[in-house]
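# Close look at the chain arrangement
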Amino acid sequence: MTKAINTPTTNTIPSGRNIAEALSEAQKMVDLIKTPEAEVTDEERFWIAKSTYQNFADHLNKGFLEYRKSVTETKDAALTDWRGEGSVLQDVMGREYIDILGGFGLYSPGIRHPKIVAAAKAQLDRSPQYSQEMLDPLRAQLAKVIAKLTPGDIQYGFFANSGTEAVDGAMKLAKLYTGKSGFISTLKGFHGKSLGALSLLGKAVYRKPLLPLLNGVRQVPFGDADAVEQSIRHALEVGDDIAGVIVEPIQGEAGAIEPPDDYWPRLRQICDKYEVLLIADEVQTGFGRTGKIFGVDHWGVAPDIMCFGKALGGGVIAMSGFFSTAKIWKCMEPNPFMHTTTTGGNPIACAAALAQVTVLLEEDLAGQAAEKGEYIKTRISAMKEKYPGLISEIRGRGLLLGLEFPDDEIGYKVAAGLFSRGVLTAGTLNNAKTIRIEPALNIPYTLIDEVLERLEDTLKNLE
Ligand SMILES: *Cc1c(COP(=O)(O)O)cnc(C)c1O
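Okay, so let's go over this structure. In this text, all values refer to a predicted model and were calculated from it rather than measured experimentally.

### Quick word on the overall build of the chain
- Across its full length, the chain holds 17 helices and 14 strands.
- In terms of C-alpha radius of gyration, the chain reaches 23 Å, essentially the compact-globule figure of 23 Å for 463 residues.
- The buried share of the chain, taken over its 463 residues, is 51%.
- Pairs at least 24 residues apart make up 74% of the contacts formed inside the chain by residues separated by at least 6 positions.
- When the accessible area of the chain is evaluated, it comes to approximately 21500 Å², of which 54% is carbon and sulfur surface.
- Positive and negative side-chain charges of the chain, numbering 50 and 59 respectively, have mean locations separated by a distance of 2 Å.

Here it is, written out as structure tokens:
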């Protein structure tokens with residue numbers, strides 16, 4: 001890399017109306033998208049990288065440029081997302097990275113899984129969106145498939161685009177069915193950032209500046225079933241009521257935190273006892289990530305409502321949903337317009353999701369996650385002994401792993417060291433005490449070994 005990408009140009013006019021330029025700028029990128037990869041010139045690649053950096057600064061958010069390793073660790077040659085396949089990402093300038101971030105659980109079947117891409121493309125050529133009036137076959141069939149895949153009596157569902165929408169929908173369903181209004185969620189829990197889901201979130205940094213949020217949400221420590229029961233009792237004692245308890249099977253964003261083994265079975269008992277709905281937020285844990293098809297499958301628990309997202313669309317398209325039992329869903333029947341969305345569960349998303357399920361089952365992605373997760377944990381545990389003081393813990397299930405360091409600084413150094421060795425992980429300048437390892441569930445062992453060698457090399461260097 002010789003020419004600097006990260007130097008803002010001085011002569012751009014970042015704002016102001018200019019219709020002619022709106023057209024020419026749009027046309028420029030459309031033309032580039034359509035150019036076959038081999039024919040994109042070096043000049044065009046450089047233009048893409050440089051204007052992307054500039055556009056982030058001028059039109060998205062300068063803040064990202066200060067925290068992302070793709071900028072801070074590449075000096076003046078920021079990485080620009082461009083293409084990928086399986087577990088390998090290539091930036092627009094052709095630099096390759098092994099992806100162990102997996103889009104935080106988005107890329108469970110790998111990047112551009114051929115079967116999922118083929119299904120989405122085929123549907124794109126038939127009908128990309130709904131008429132909004134006729135009955136749509138893909139959405140109906142996908143609901144049937146999810147009903148068969150999920151535990152217990154889960155039977156009916158609604159599709160949306162993002163995980164946070166799935167959570168908002170689940171909250172509405174719980175309120176409508178129970179006629180109650182409060183929720184219990186967990187400290188450090190993550191459910192998305194729309195105003196509804198944000199109310200459940202377990203971290204002050206995202207909630208506090210936006211208060212007041214929804215009333216009646218109580219956060220309790222994750223993994224503590226007694227705290228849930230106590231919180232329901234407190235609510236009842238002061239005249240509040242609780243519609244649902246919403247929990248991630250294994251906390252993802254918090255850093256792959258597993259609950260005690262009796263936690264989910266006890267949540268089930270407590271929710272039954274107080275007639276409160278048990279809502280599993282499987283947005284990150286669903287579809288094989290933790291070594292079972294769903295996170296709750298580790299404990300054989302059937303929730304009343306399940307939320308899906310991220311990997312549901314097979315890493316090809318945005319897709320989410322929430323599902324429940326026939327008994328609960330009945331409250332949505334008198335007025336099916338109580339909850340709607342124009343683009344949620346569109347035909348391309350459903351095509352991708354249906355193909356995703358075939359890949360999940362045919363390739364036994366859950367089994368692969370279980371086996372590969374154990375392998376990585378064993379290898380990293382050995383490194384923990386070999387390089388004392390650098391790694392505090394490796395934890396998690398399947399390929400939802402958390403690598404914890406004594407402090408942010410060591411964590412960032414490891415993340416940056418991996419990055420400079422061609423491995424893409426999470427871990428930003430201000431948040432690196434725990435790095436999540438969430439590669440594609442079908443990442444080949446050769447690449448896993450490559451990553452582990454580069455990790456060991458990084459640790460050796462830090463020692
Ligand atoms: C990512 C995530 C969400 C939010 O999904 P978005 O698509 O980012 O809105 C909700 N819950 C959990 C458990 C998640 O990991």
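### Description of unusual backbone geometry
- Residue Pro 212 is reached from Leu 211 by a cis peptide bond, and omega for that bond is 0 degrees.
- Among the secondary structure elements, Pro 212 is positioned in the loop between helix 10 (204-207) and strand 6 (217-220).
- The backbone phi angle of Phe 104 is positive, close to 55 degrees, even though this residue is not glycine.
- Tracing the backbone shows Phe 104 in helix 5 (residues 102-105).
- Assessed through its relative accessible area of 31%, Phe 104 is described here as partly exposed.
- Phi at Lys 310 is positive, roughly 35 degrees, even though this residue is not glycine.
- Structurally, Lys 310 is set in the loop between strand 9 (305-308) and strand 10 (320-325).
- Owing to a relative accessible area of 25%, Lys 310 belongs among the partly exposed residues under this scheme.

### Here's the deal with the state of the cysteines
- Applying the stated criterion across every chain, the model contains zero disulfides.
- We note that Cys 271 lacks a disulfide partner, and the nearest cysteine sulfur, in Cys 307, lies 14 Å from it.

### What to know about the nonpolar core
- One finds Trp 264, Phe 287 and Ile 380 to be the most contacted residues of the largest nonpolar core, which totals 82 residues.
- Counting residues per element, this core draws most heavily on helix 14 (residues 347-362), which supplies nine residues.
- Once residues within four sequence positions are removed from consideration, Trp 264 is found in contact with Val 247, Glu 248, Pro 249, Pro 259, Leu 278, Ile 279, Ala 280, Val 296, Trp 299 and Val 301.
- Counting residues in each nonpolar core, the second largest holds 23 residues, with Val 167, Met 171, Leu 173 and Ala 197 among its members.

### A word on the environment of Glu 463
- Position of Glu 463 among the secondary structure elements: in the segment after helix 17 (445-462).
- Considered as a pair, Glu 463 and Ala 119 are 344 residues apart in the sequence and their alpha carbons are 48 Å apart.
- Leaving out residues up to four positions away in the same chain, Glu 463 has contacts with Lys 386, Tyr 387 and Leu 390.

### Focus: the side chain of His 113
- Its place among the elements puts His 113 in the loop between helix 5 and helix 6 (114-126).
- Owing to a relative accessible area of 9%, His 113 belongs among the buried residues under this scheme.
- With sequence-adjacent residues up to four places away left out, His 113 is seen in contact with Val 359, Glu 363 and Asn 442.

### What about the sheet that holds strand 2 (residues 88-91)?
- Spatially, four strands are ordered 1-2-3-13 in an open sheet, and the strand pairing comes out mixed. The open sheet has two edge strands with one neighbour each: strand 1 (81-85) and strand 13 (423-424).
- Of the strand pairs in this sheet, strand 2 and strand 3 (residues 96-99) are connected by three bridges, and their pairing is antiparallel. What sits directly across from Val 88, in strand 3, is Ile 98.
- Each of strand 2, strand 3 and strand 13 touches helix 17; the most contacted strand, strand 3, lies at about 105 degrees to it.

### Notes on the pattern of salt bridges
- Counted according to the given criterion, the structure contains 28 salt bridges.
- Of the charged contacts in the structure, one is a salt bridge between Glu 393 and Arg 395, with a shortest N-O distance of 2.9 Å.
- Linked through salt bridges whose partners overlap, the residues forming this network are Glu 393, Arg 395, Glu 404 and Lys 433.

### Description of the sheet that holds strand 10
- Strand order in the open sheet formed by seven strands is 4-10-9-8-7-5-6, with mixed pairing between adjacent strands. With partners counted over all chains shown, the strands left at the sheet margins are strand 4 (154-160) and strand 6, one partner each. Going from strand to strand, the sheet's axes swing by 20 degrees on average, the running direction of each strand aside.
- As defined by bridge partners, strand 5 (residues 182-186) adjoins strand 7 (residues 242-247) across three bridges and the pair is classed as parallel. Residue pairing in the sheet places Ile 184 in a bridge with Val 245 of strand 7.

Criteria and thresholds
- Residue indices begin from 1 for each chain and proceed along its sequence in written order.
- This being a predicted model, a pLDDT of at least 70 is required before a residue's local features are given, and a value of 80 or more before pairs of side-chain atoms are given or counted; all residues contribute to the totals for chains, interfaces and linings.
- Where side-chain values are given, they derive from all heavy atoms of the structure, hydrogens and water being excluded.
- Secondary structure elements follow DSSP: runs of H or I of four or more residues count as helices, runs of E of two or more count as strands, with numbering from the N terminus.
- C-alpha atoms define the radius of gyration in this analysis, and the globule rule sets the expected value at 2.2 Å times the number of residues to the power 0.38.
- Relative accessibility under 20% of the residue-type maximum defines a buried residue, over 50% an exposed one, and the middle range a partly exposed one, all with a 1.4 Å probe and only protein chains included.
- In this analysis, two residues are considered to be in contact whenever any of their non-hydrogen atoms come within 4.5 Å of each other.
- Per-residue and other accessible areas were derived by the Shrake-Rupley procedure at a 1.4 Å probe size, with only the shown protein chains allowed to occlude residues.
- Counted as positive: Lys and Arg. Counted as negative: Asp and Glu. His and the chain ends are not counted at all.
- Charged groups are reduced to one reference atom each: NZ for lysine, CZ for arginine, CG for aspartic acid, CD for glutamic acid.
- Two cysteine sulfurs form a disulfide in these notes if their separation is within 2.5 Å.
- As used here, the term nonpolar core means buried Ala, Val, Leu, Ile, Met, Phe, Trp, Tyr and Cys residues forming a set that is joined through side-chain atoms within 4.5 Å.
- Being paired, for any two strands, means DSSP has found at least two bridges between them.
- Fitting a line to C-alpha atoms yields each axis, with helices limited to the stretch in contact; the angle taken between N-to-C directions then spans 0 to 180 degrees.
- Whenever a carboxyl oxygen of Asp or Glu lies within 4 Å of a side-chain nitrogen of Lys or Arg, that contact is scored as a salt bridge.

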